[in-house]
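# Structure assessment
So you can see what is in the structure, the chains are spelled out below.
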Amino acid sequence: PETGRLALYLLGLRATCPPPDPGSQRSLVTWLKYHLEEDWAGSRRHGHPLTSFYQYGLGILALCAHRKRVREEVIRRLLEAEHHHKFRHAGGSAVDTEAVVVLAFTCLERERLVRSRLAAELRAVRRRMRRRMVEEQRPDGFFGNVYSTPWAMQVFIASNMCQLQTVYGQAMAALLKNLDAFTITATMAQVLPVLHGRSYLDIASMRCQEEPDTLTPISPEPLPEMLGTMMVRLMVECPLPRCPQHQLYDQLVPAPAGASLLDVLRAAAAQEPHDFTFETQETPQGPFLVRVLGLEAQQQKRSYWQLLTDSSTSLQKGVAEYRPQDGDSIILRLSEW
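Being a predicted model, the structure only gives us computed values, none of them experimental.

## Considering the sheet that holds strand 6 (residues 303-308)
- Judged by pairing direction, the sheet is mixed, and its four strands sit side by side in the order 2-1-7-6 without closing on themselves. The open sheet has two edge strands, strand 2 (247-256) and strand 6, and neither has a second partner. Neighbouring strand axes in the sheet, compared pairwise and without regard to direction, differ in orientation by 20 degrees on average.
- Of the strand pairs in this sheet, strand 1 (residues 229-237) and strand 7 (residues 329-336) are connected by five bridges, and their pairing is parallel. From the neighbouring strand, arginine 233 faces strand 7, where its bridge partner is serine 329.
- Against the sheet, helix 11 (residues 261-270) makes contact with strand 1, strand 2, strand 6 and strand 7, and its axis sits at roughly 110 degrees relative to strand 2, the strand it touches most.

## Some remarks on the packing of helix 1 (residues 3-15) against helix 3 (residues 53-65)
- Relative to each other, helix 1 and helix 3 sit at 30 degrees, their axes nearing to 8 Å. When the axes of helix 1 and helix 3 are compared, the pair comes out roughly parallel. Seen along the crossing, helix 1 lies across helix 3 with a hand that is left-handed. Residue-level contacts link Thr3, Gly4, Arg5, Ala7, Leu8, Leu10, Leu11 and Arg14 of helix 1 to Gln55, Tyr56, Leu58, Gly59, Leu61, Ala62 and Ala65 of helix 3.
- Residues that form the contact of helix 1 with helix 3 fall into these classes: nine nonpolar, four polar and two charged.

## A few points about the packing of aromatic side chains
- Applying the stated criterion across every chain, the model contains ten aromatic pairs.
- Seen from their ring centres, tyrosine 147 and phenylalanine 182 are 5.6 Å apart, and the 80 degrees between their planes marks the pair as edge-to-face. Residue tyrosine 147 is located in the loop between helix 6 (116-135) and helix 7 (149-158), and its partner phenylalanine 182 is located in the loop between helix 8 (166-177) and helix 9 (185-195); the two are separated by 35 residues in the primary sequence.
- On the basis of relative accessibility, which here comes to 6%, the residue phenylalanine 182 falls in the buried class.
- Taken together, the ring pairs connect Trp40, Phe53, Tyr56 and Phe87 into an aromatic cluster.

## Side note on the sheet that holds strand 5 (residues 295-296)
- Read from one edge of the open sheet, three strands run 3-4-5, paired in antiparallel fashion. Every interior strand has two partners, whereas the edge strands, strand 3 (278-283) and strand 5, have only one.
- Two elements, strand 4 (residues 286-292) and strand 5, share two bridges in a ladder whose sense is antiparallel. Bridge pairing in strand 5 links valine 292 to leucine 295.
- In this fold helix 11 packs onto strand 3 and strand 4, with an angle of close to 150 degrees to the strand it touches most, strand 3.

## Digging into a nonpolar patch on the surface
- Side chains of Leu176, Leu179, Met188, Leu192 and Leu195 sit close together on the surface and give an oily, nonpolar patch of about 410 Å² of accessible area.
- By residue number, the principal contributor to the nonpolar patch is helix 9, which donates three residues.
- For leucine 192, the position within the fold is in helix 9.

## Here we look at helix 11
- For helix 11, the set of buried residues is Leu261, Leu262, Val264, Leu265 and Ala268. On an axial view of helix 11, the arc spanned by its buried residues comes to 160 degrees, and they lie on one face.
- Contacts from the buried residues of helix 11 go to strand 1, strand 2, strand 3, strand 4, strand 6 and strand 7.

## With respect to helix 4 (residues 72-83)
- For helix 4, built from twelve residues, the straight-helix expectation of 16 Å at 1.5 Å per residue is met to within 8% by its first-to-last C-alpha distance of 16 Å.
- Within the sequence span of helix 4, burial applies to Val74, Ile75, Arg77, Leu78, Leu79, Ala81 and Glu82.
- A positive phi of about 60 degrees marks histidine 85, the residue just after helix 4.

## What to know about the environment of glycine 4
- Residue placement: glycine 4 occurs in helix 1.
- Exposure remark for glycine 4: the relative accessible area of 3% places this residue in the buried category.
- Considered as a pair, glycine 4 and phenylalanine 53 are 49 residues apart in the sequence and their alpha carbons are 9.9 Å apart.
- Ignoring any residue separated from it by four or fewer positions in sequence, one finds glycine 4 in contact with Gln55 and Leu58.

## Overview of the pairing of strand 4
- Most of strand 4 sits out of view: five of its seven residues are buried.
- Here six bridges tie strand 3 to strand 4, and the two strands are oriented antiparallel to one another. If you follow threonine 283 over to strand 4, its bridge partner there is glycine 286.
- The hairpin formed by strand 4 and strand 5 contains two residues between the paired strands, and leucine 293 there has a positive phi angle of roughly 50 degrees.

## Quick look at the packing of helix 4 against helix 5 (residues 95-110)
- Remark: helix 4 packs on helix 5, axes separated minimally by 12 Å, with the N-to-C direction vectors making an angle of 140 degrees. Comparing their axes, helix 5 and helix 4 come out oblique. Note that helix 4 runs across helix 5; the crossing there is left-handed. Together, Ile75, Leu78 and Leu79 of helix 4 and Val101, Phe105 and Leu108 of helix 5 make up the contact between the two elements.
- Its residues assigned to classes, the contact of helix 4 with helix 5 shows six nonpolar, no polar and no charged.

Here is what the cut-offs are and how they apply
Within each chain, residues carry numbers counting from 1 in the order of the written sequence. Residue-level local features of this predicted model are given only where pLDDT is at least 70; pairs of side-chain atoms are given and counted only at 80 or more, and the full residue set underlies all totals for whole chains, interfaces and linings. For the side-chain quantities, the full set of heavy atoms in the structure was used; hydrogens and water were omitted. Strand pairing is defined by DSSP finding a minimum of two bridges between the two strands. Here a helix means four or more residues in a row that DSSP labels H or I, a strand means two or more in a row labelled E, and each is numbered from the N terminus. Fitted lines through C-alpha atoms serve as axes, helices being fitted only where they are in contact, and the angles separating the N-to-C directions of these axes extend from 0 to 180 degrees. Any pair of residues with heavy atoms lying within 4.5 Å of one another is described as a contacting pair. Any angle from 65 to 115 degrees is called roughly perpendicular, while one under 35 is roughly parallel, one over 145 is roughly antiparallel, and all others are oblique. It is the rotation of the near helix from the far one that decides the hand of a crossing: anticlockwise by less than a right angle makes it left-handed, clockwise makes it right-handed. Nonpolar residues are Ala, Val, Leu, Ile, Met, Phe, Trp, Tyr, Cys and Pro. Charged residues are Asp, Glu, Lys and Arg, and all others, Gly as well, are polar. Stacked, tilted and edge-to-face pairs are distinguished by plane angle, under 30 degrees for stacked and over 60 for edge-to-face with tilted covering the rest, among Phe, Tyr and Trp rings (Trp via its six-membered ring) whose centres lie within 6.5 Å. Three labels apply to residues, based on accessible area from a 1.4 Å probe with only protein chains included: buried if under 20% of the type maximum, exposed if over 50%, partly exposed otherwise in between. Patch building starts from residues that exceed 30% relative accessible area and form no salt bridge, then joins like charges within 9 Å and nonpolar side chains (Val, Leu, Ile, Met, Phe, Trp, Tyr) within 5 Å. Reported accessibility uses the Shrake-Rupley method at a 1.4 Å probe radius. Residues are deemed covered only where the shown protein chains occlude them. The salt bridge definition used is simple: a Lys or Arg side-chain nitrogen within 4 Å of an Asp or Glu carboxyl oxygen. Here the arc refers to the directions that run from the helix axis out to each C-beta atom. A helix is expected to span 1.5 Å for every residue after the first.

Structure below.
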């Protein structure tokens with residue numbers, strides 16, 4: 001199901017105040033409702049959506065921003081998942097998922113799209129999840145990682161709590177130091193509202209007739225050309241018992257200086273004897289690594305290809321954004337969440 005992509009499109013459409021065309025928007029809303037049901041129905045035996053709880057919550061948020069009601073059962077699926085701690089990754093957290101769900105619950109209550117009894121339940125869950133976010137802030141100021149931090153900050157903005165929380169100021173300071181991490185449209189769209197003290201909930205309350213048409217296209221400046229070649233050590237790891245041989249690949253890969261990790265992977269695949277293979281999948285957040293050396297990361301098995309710079313340090317950027325330096329080591333590890 002295209003739940004997340006369609007949800008982001010509908011949020012963006014509402015934010016740009018398009019000319020009134022109820023027919024086309026109604027069709028998109030109907031499709032999103034359909035995908036929400038498909039997302040869940042196709043995975044009842046797994047206890048989680050076919051995509052993820054993140055995309056599922058994003059779908060509810062987008063429908064709320066368009067002031068569309070959803071069935072109570074659809075909302076209660078998220079309540080049940082939170083109650084059984086299904087948002088959280090094994091051994092870690094899922095700040096972005098929890099933040100999206102909190103924003104969706106806040107929107108449903110604010111727009112009065114749920115009955116009073118359910119609204120009270122949503123309010124209690126929101127408070128619990130906000131508390132958890134505060135407790136889990138990292139020493140560097142981030143909530144989760146650099147990309148999930150804007151989501152968490154939107155929660156504080158939507159709750160009118162940003163001025164009362166020192167954690168918000170620490171997160172903003174960390175974010176301002178790492179704005180170069182936001183290089184694709186989807187991640188820019190998450191951080192820009194925060195920099196202006198806004199959240200996605202403000203989309204629902206926009207008065208489009210008052211919005212001036214000030215959007216003008218700009219041509220981005222080309223990245224400076226970097227000359228020379230760098231060497232990157234690329235390793236692939238797969239845990240037991242799935243792989244009897246823990247380390248599947250360990251080679252030095254030459255690539256142009258300033259190349260992205262995605263370019264390094266392409267260079268590795270082009271190297272003789274062509275024993276490195278990989279596949280990516282396009283997502284709203286950019287290319288996502290789904291298969292390496294024939295081993296596939298599967299949503300149903302809650303597995304993914306983790307990107308690390310050493311045995312325990314995860315990358316804070318995706319394969320298209322991260323740019324390794326000469327002499328760096330990169331580990332691709334098949335992990336569970």
